[in-house]
Amino acid sequence: MPLPKIPSKPATILLAKDYPKAEPGKSPVRAAAKAENDPVEDLISGEAVPAKTARARKSKAALLVEAPSRESTPPAAPATLPALARADKSGKNGVGAKLRETDMNEPHPVKHKPVEVNVKSSVSRKADKAGAGKMFVLDTNVLMHDPTSLFRFEEHDVYLPMMTLEELDNHKKGMSEVARNARQVSRTLDALIANTDDDAIEAGIPLAKLGNKDARGRLYFQTRLNAATLPEGLPSGKADNQILGVVRALEADQSGRAIVLVSKDINMRIKARALGLAAEDYFNDHVLEDTDLLYSGIVQLPDDFWDKHGKNMESWQEIKGGNSSTYYRVTGPFIPSLMVNQFVFFEPNNGEAPFQGQVKEINGKTAVFQTLRDYSHNKNNVWGITARNREQNFALNLLMNPEVDFITLLGQAGTGKTLLALAAGLAQVLETKVYNEIIVTRVTVPVGEDIGFLPGTEEEKMSPWMGAFDDNLEVLMKGDSDAGDWGRAATQDLIRSRIKIKSLNFMRGRTFVNKFLIIDEAQNLTPKQMKTLVTRAGPGTKILCLGNIAQIDTPYLTEGSSGLTYVVDRFKGWSHGGHVTLARGERSRLADHASDVL
């Protein structure tokens, strides 16, 4: 099975001044030949070589990268941090990246996803190099995005313009997430300035006053009108322009100190940079800078694993829940890089039997592996569904394990996330009766234009958003053709009675006991919303989070700051949680081909 495709870095787009120009009396062919011999920097060696030599090496490197991905099995070496560092130097974005020669030579690679790069401004970099403190001027959208952002700047100071407070006041009304965040920020500011003299406000309020020991800077308010002139043509009445004027006035008033504007608004940052002001995005809430390094829940054991770890190996068998499993206790240098509940597999090249297991315990350099149940065999089917690839087998082992309370499944469209979750839920609700009900919910973020208000009850309003579950239920409810129309109708009514569709808007304050809770499209949740949902779990409840972080529809939410990325990173290594990244689409050959070429 080929590894999942990871998009390569986008090629550099030539500027207009770099395009070759035809001159009188000179042949374009000679100009092209001259360009072939111009020295450029080689990406591999870093030396200056002719352009045609660099392209030849580049093409050869692309072919070498593509060669392993054509094989039926992935490379044997596991993904370790040194390997990732070496991969980045060779032009790949991560382990298993599939690059094509045509992609690397295209000047405008429209198929590549935009690479999110959080680069500090030059003013911040100089201040970091000199070890000097900075003053961050916060835009309103930063506070409404993360109400705790005031305490996220460590030893640096925070400055709030008066226009930021005005905009907070304008957004505090309502029941939306933005309004709640605005009210939370207002309460925090009120607690900070409580029992504070006017002179102390002018000198700055310690941000550690409320017990946030990591915030060692001070909070400053705009206490006087700053006389800052902006370029003519910018309307002075606009809030963004007034904040830019405050930043410029601070630079003039505190010369020599790093003044940086922090905003989630891209146009605001562009305007600031165009005026010569330092501006940055707020990326303190990002879990990972590079989502290609996100925990996948799966690791391939190296070829020499059993030679180095199998000398004093112990093995035994245990029967739990009517299923017999074999356990192995191994010791060696590779063990510390593993995590509890991580899946491991070994595919030898000499014809030996492959090995698939799960890490159950880790103690220093010693680990306990448990063999998996083979859900690809029809005798172990889950509500008539069998695993079609290795990752789906790993996912079903998690879904059918009553000791695992929290599961996250990532994958592209068509990898089987929803079908596996529904099949496991129906099997454990109607057959084994481990749970008494399936609850399905998702974020109602439209892809296109909103269709307006919908009539009916809560479930009727949510039904248009649950088309994916209806499609999968049709597959699961086909049943036995010999049962007849009455039998199939009774089965469908029974299944429908055990599945409840709930809205996220009414989750606060609830407690679910013995429920099988499925959160679909979880990539559109913020970390705060994800915490609100996960903490609804009562005794005997299992929570599943399904999603694809490449399809985020919520404004101001990125792959690095998504709630799904947040819980995957925070729950890894927990003995009652598990994660699997599904790599292979199993929808249809048409869908697979479309995902490759479109």
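Being a predicted model, the structure only gives us computed values, none of them experimental. (Residues numbered from 1 in each chain as written. Predicted model: local features only at pLDDT ≥ 70, side-chain atom pairs only at ≥ 80, totals over all residues. Heavy atoms only, no water.)

**Q** Just to check I follow, could you spell out the nonpolar core for this structure?
**A** Core analysis: the largest hydrophobic core is formed by 38 residues, its most contacted members being Ile-438 and Val-580. Counting residues per element, the ones that place at least two in this core are strand 12 (343–346), helix 13 (390–399), strand 15 (406–411), helix 14 (417–431), strand 16 (437–442), strand 18 (515–520), strand 19 (542–547) and strand 20 (577–582). Counting residues per element, this core draws most heavily on helix 14, at 10 residues. Residues within four places of Val-580 in sequence aside, it is in contact with Ser-296, Ile-298, Phe-343, Glu-391, Phe-394, Ala-395, Leu-398, Thr-408, Leu-409 and Leu-410. Of all hydrophobic cores here, the second largest spans 25 residues; its members include Val-158, Leu-160, Val-262 and Ala-278. (Core = buried A, V, L, I, M, F, W, Y, C linked by side-chain atoms within 4.5 Å. Buried < 20%, exposed > 50% of the residue type's maximum accessible area, 1.4 Å probe, protein only. Helix = DSSP H or I, 4+ residues; strand = E, 2+ residues; numbered from the N terminus. Contact = heavy atoms within 4.5 Å.)

**Q** Mind showing me how you'd approach the pattern of salt bridges here?
**A** If charged atoms from side chains of opposite charge come close, those side chains can pair. Evaluated as defined, the whole model comprises 16 salt bridges. When the shortest N-O distance is used, the salt bridge between Asp-281 and Lys-264 registers 3.7 Å. Remark: Lys-264 occurs in the loop between strand 7 (258–262) and helix 11 (266–274) and Asp-281 occurs in the loop between strand 8 (279–280) and strand 9 (298–300); sequence separation between them is 17 residues. The salt bridge involving Lys-572 is made with Asp-569; its shortest N-O contact spans 3.3 Å. Residue classification places Asp-569 among the buried residues on the basis of a relative accessible area of 19%. Each member of the salt-bridge network shares a partner with another, and the members are Glu-202, Arg-224 and Asp-253. (Salt bridge = Lys/Arg side-chain N within 4 Å of Asp/Glu carboxyl O.)

**Q** Looking at this structure, how should I read the sheet that holds strand 15?
**A** Strand pairing in a sheet relies on backbone hydrogen bonds. The paired strands run either parallel or antiparallel. Pairing within the open sheet is parallel, and its 6 strands lie in the order 17-16-18-19-15-20. Looking at which strands have only one partner, the edges of the open sheet turn out to be strand 17 (499–501) and strand 20. Geometrically, the sheet is characterised by an average inter-axis angle of 15° between neighbouring strands, direction not taken into account. Relative to strand 19, strand 15 runs parallel, the two being bridged by 5 bridges. By the bridge assignment, Ile-407 is partnered in strand 19 with Leu-544. (Pairing = 2+ DSSP bridges. Axes fitted to C-alpha atoms, helices over the stretch in contact; angles between N-to-C directions.)

**Q** Got a minute to help me understand the pairing of strand 13 (residues 355–363) in this structure?
**A** Consecutive residues of a regular strand have side chains that alternate between opposite faces of the sheet. Bridging between strand 12 and strand 13 involves 4 bridges; their strand directions are antiparallel. Along strand 13, the bridge assignment pairs Val-344 with Gly-357. Linking two consecutive strands that pair antiparallel, namely strand 13 and strand 14 (residues 366–371), is a turn of 2 residues; a positive phi of about 70° is found at Gly-364 within it.

**Q** Please clarify how the pairing of strand 3 (residues 134–138) should be interpreted in this entry.
**A** Burial of strand 3 is extensive: 5 of the 5 residues sit out of reach of the surface. Side chains Lys-134, Phe-136 and Leu-138 of strand 3 all project onto a buried face; the interleaved residues Met-135 and Val-137 project onto the opposite face, where all are buried too. Two elements, strand 3 and strand 7, share 5 bridges in a ladder whose sense is parallel. Residue Val-137 lies in a different strand from strand 7, and its bridge partner there is Leu-261. The pairing of strand 3 with strand 4 (residues 157–160) spans 3 bridges and is classified as parallel. Note on strand 4: the bridge partner recorded for Val-137 is Tyr-159. One crossover worth recording links strand 3 to the parallel strand 4 by way of helix 6 (residues 140–145), and it is right-handed. (Right-handed = clockwise from strand over helix to strand, strands pointing away.)

**Q** Got a minute to help me understand the packing of helix 18 (residues 527–534) against helix 19 (residues 563–571) in this structure?
**A** To describe two helices that pack against each other, one gives the angle between their axes and the distance between the axes. Across the interface, helix 18 lies against helix 19 with an axial gap of 8 Å and an inter-helix angle of 60°. Judged by the inter-axis angle, helix 18 sits oblique to helix 19. Crossing of helix 18 against helix 19: the hand is right-handed. Residues Pro-527, Met-530 and Val-534 of helix 18 touch helix 19, and the partners they reach there are Gly-563, Leu-564, Tyr-566, Val-567 and Phe-571. Here the residues of the contact of helix 18 with helix 19 sort into 7 nonpolar, 1 polar and no charged. (Parallel < 35°, antiparallel > 145°, perpendicular 65-115°, else oblique. Left-handed = near helix turned anticlockwise from the far one by under 90°. Nonpolar A, V, L, I, M, F, W, Y, C, P; charged D, E, K, R; others polar.)

**Q** What is the right way to look at empty space enclosed by the protein in this model?
**A** Applying the stated criterion to the full structure yields 1 cavity of 30 Å³ or more. Here the largest cavity is characterised by a volume of approximately 60 Å³. Taken together, 13 residues make up the lining of the largest cavity; nearest its centre are Phe-571, Lys-572, Gly-577, Gly-578 and His-579. Contributing elements (two or more residues each) for the lining of the largest cavity: strand 15, helix 19 and strand 20. (1 Å grid on protein atoms, 1.4 Å probe; cavity = no way out; pocket = protein on both sides within 12 Å on 5 of 7 lines; lining within 4 Å. Points joined across faces, edges and corners; volume = space filled by probe spheres on them.)

From the geometry alone we can't say anything about function, so treat these as descriptive.
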